[in-house]
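Commentary on secondary and tertiary structure
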Amino acid sequence: MRVLIVEDEPYLAQAIRDGLRLAAIAADVAGDGDTALEMLGVNAYDIAVLDRDIPGPSGDEIAAHIVARDTGMPILMLTAADRLDDKVSGFELGADDYLTKPFELRELVLRLRALDRRRARNRPPVREIAGLRLDSFRREVYRDGRYIALTRKQFAVLEVLVDADGGVVSAEELLERAWDENADPFTNAVRITVSALRKRLGEPWVIATVAGVGYRIDTAPSAAGEDRG
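Residues numbered from 1 in each chain as written. Predicted model: local features only at pLDDT ≥ 70, side-chain atom pairs only at ≥ 80, totals over all residues. Heavy atoms only, no water.

1. Digging into helix α2 (residues 33-42)
What counts, and what does not: Type-normalised accessible area, obtained with a 1.4 Å probe on protein chains alone, sets the label of each residue: buried when under 20%, exposed when over 50%, and partly exposed for intermediate values. Secondary structure elements are taken from DSSP: a helix is a run of H or I of four residues or more, a strand is a run of E of two residues or more, and numbering for both begins at the N terminus. Regarding the arc, it is the one traced by the directions from the helix axis to the C-beta atoms. Every residue pair with non-hydrogen atoms within 4.5 Å of one another is taken to be in contact. N or O atoms closer than or at 3.5 Å make up a polar contact, with two conditions inside protein: a donor-capable atom paired with an acceptor-capable one, and, for residues adjacent in sequence, both atoms drawn from side chains.
The complete set of buried residues in α2 reads G33, A36, M39 and L40. The buried side chains of α2 occupy one side of the element, clustering within an arc of 125 degrees when seen end-on. Those residues of α2 that are exposed and aimed more than 90 degrees away from the buried face are D34, E38, G41 and V42. Looking at the buried positions of α2, the neighbouring elements they touch are β1 (2-6), β2 (26-30) and α3 (59-69). Residue D32 occupies the N-cap position of α2, its side-chain oxygen lying 3.1 Å from the main-chain nitrogen of D34.

So, in structure tokens, the structure goes:
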């Protein structure tokens with residue numbers, strides 16, 4: 001999951017971003033409305049977290065922009081205003097959820113995961129493919145009934161690959177969806193992470209490399225030693 005945080009309080013924005021990263025959620029930060037609109041125009045986000053009171057175009061205007069694009073991107077509003085009328089106006093603008101400051105980071109994480117599940121209603125919270133069982137809510141992975149301990153980044157990469165349901169995912173798409181805007185497009189982080197993930201999952205290798213294209217979950221895993229790329 002990749003989230004855009006629109007928040008003009010630098011320390012709060014940094015704390016949210018760092019906390020989401022610990023929960024394997026990639027997050028970018030925009031400190032004002034103009035930056036938010038620019039980032040929405042060049043990056044693909046799963047959810048937008050909007051502070052309503054920001055410099056430049058307001059959070060309400062950003063929400064209206066997202067709704068007008070009709071991409072189905074969920075919106076979570078952050079605000080210090082806790083009156084019912086404020087919440088009603090936020091929902092009328094197209095917000096999917098509302099969180100009043102101050103809040104617990106764990107609650108934000110839970111709400112984001114709930115929004116992500118609702119965004120993809122046809123995607124069950126527990127998915128199974130090629131002997132893998134991935135539980136996005138509990139952040140657990142099993143292979144043939146055996147628990148596999150993964151790092152946050154390995155889990156995020158596997159989640160993207162499982163979502164593709166056997167389809168090929170390019171290194172560029174993995175970098176976009178499992179990392180964030182600070183990731184170096186020329187880095188070999190994707191290759192290194194996929195290689196480590198493949199080893200964690202064990203043999204026969206369940207992640208196949210499609211030369212020059214990307215990676216996919218192999219629904220008929222090859223014998224040990226094959227297709228390691």
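2. Quick notes on the sheet that holds strand β6 (residues 126-129)
Counted only if it meets this: Should DSSP find at least two bridges between two strands, the strands are taken to pair. Axes, fitted as lines to C-alpha atoms, cover a helix only where it is in contact. Angles between the N-to-C directions of the axes lie from 0 to 180 degrees.
If you walk across this open sheet you meet the four strands as β6-β7-β8-β9, and the pairing is antiparallel. In this open sheet, the two strands that pair with only one neighbour each are β6 and β9 (146-148). Here the strands of the sheet are splayed against their neighbours by 25 degrees on average, with no regard to which way each runs. Bridge count between β6 and strand β7 (residues 132-135): four bridges; the pairing is antiparallel.

3. What about the pairing of β2?
For the record, the criterion: For the handedness criterion, the strands are oriented away from the viewer, and a crossover whose path from the first strand over the helix to the second runs clockwise is classed as right-handed.
Most of β2 is tucked away, with four of its five residues classed as buried. As paired strands, β1 and β2 are joined by five bridges and run parallel to one another. The residue of β2 that forms the bridge with R2 is A26. Crossover connection from β1 via helix α1 (residues 10-22) to parallel β2: handedness right-handed.

4. Observations concerning the packing of α2 against α3
Packed helix pairs are specified by the crossing angle of their axes together with the interaxial distance, meaning the distance between the axes. As a reminder, the rule being used: By the definition adopted for this analysis, an angle is roughly parallel if under 35 degrees, roughly antiparallel if over 145, roughly perpendicular if from 65 to 115, and oblique otherwise. Crossing chirality is assigned from the near helix's rotation relative to the far helix, an anticlockwise turn below a right angle marking it left-handed and a clockwise turn marking it right-handed.
Their axes nearest at 10 Å, the elements α2 and α3 cross at an angle of 20 degrees. When the interaxial angle is binned, α2 and α3 end up roughly parallel. When you trace α2 past α3, the crossing you get is right-handed. Between α2 and α3, the residues in contact are G33, A36, L37 and L40 and I62, H65, I66 and R69, respectively.

5. Considering the pairing of strand β10 (residues 207-210)
With four bridges connecting them, β10 and strand β11 (residues 214-217) associate as antiparallel partners. Each bridged residue has a counterpart across the sheet, and for V210 the counterpart in β11 is G214. From the end of β10 to the start of β11, which pair antiparallel, there are three residues, and G212 there has a positive phi angle of about 75 degrees.

6. Points about unusual backbone geometry
Following K101, the chain continues into P102 via a peptide bond in cis, with omega recorded as -5 degrees. Within the secondary structure, P102 is located in the loop between β5 (97-100) and α5 (105-119). Put simply, E203 and P204 share a cis peptide bond, and its omega is -10 degrees. With respect to the helices and strands, the residue P204 is situated in the loop between α8 (189-201) and β10. Its identity as a non-glycine residue notwithstanding, D144 has a phi of 50 degrees, on the positive side. Counting through the fold element by element, D144 comes out in the loop between β8 (140-143) and β9. A positive phi is found at D165, a non-glycine position, where the angle reads about 55 degrees. By secondary structure assignment, the location of D165 is in the loop between α6 (152-163) and α7 (171-178).

7. Quick notes on the nonpolar core
Note the cut-off: By nonpolar core is meant a set of buried Ala, Val, Leu, Ile, Met, Phe, Trp, Tyr and Cys residues that side-chain atoms within 4.5 Å join together.
Ranked by internal contacts, the top residues of the largest apolar core, which has 27 residues, are L158, L174, L201 and I207. Here this core takes seven residues from α6, the largest share from any one element.

8. Description of the pattern of salt bridges
Note the threshold: The salt bridge definition used is simple: a Lys or Arg side-chain nitrogen within 4 Å of an Asp or Glu carboxyl oxygen.
According to the stated counting rule, one finds 15 salt bridges in the structure shown. Between E159 and R127 there is a salt bridge, with its nearest N and O atoms 3.6 Å apart. Taken as a pair, E159 in helix α6 and R127 in strand β6 lie far apart in primary sequence, 32 residues in all. Each member of the pair, E159 as well as R127, carries the same accessibility label: buried. For E173, the salt bridge goes to R177, with nearest N and O atoms at 3.4 Å. Of this pair, E173 and R177 both sit in helix α7, separated by four residues, roughly a single helical turn. Since its relative accessible area comes to 32%, E173 is described here as partly exposed. The exposure class of R177 is partly exposed, given its relative accessible area of 22%. A single salt-bridge network, built from bridges that share partners, covers R127, R139, E159, D163, E173 and R177.

Function cannot be read off these values alone, since they describe shape.
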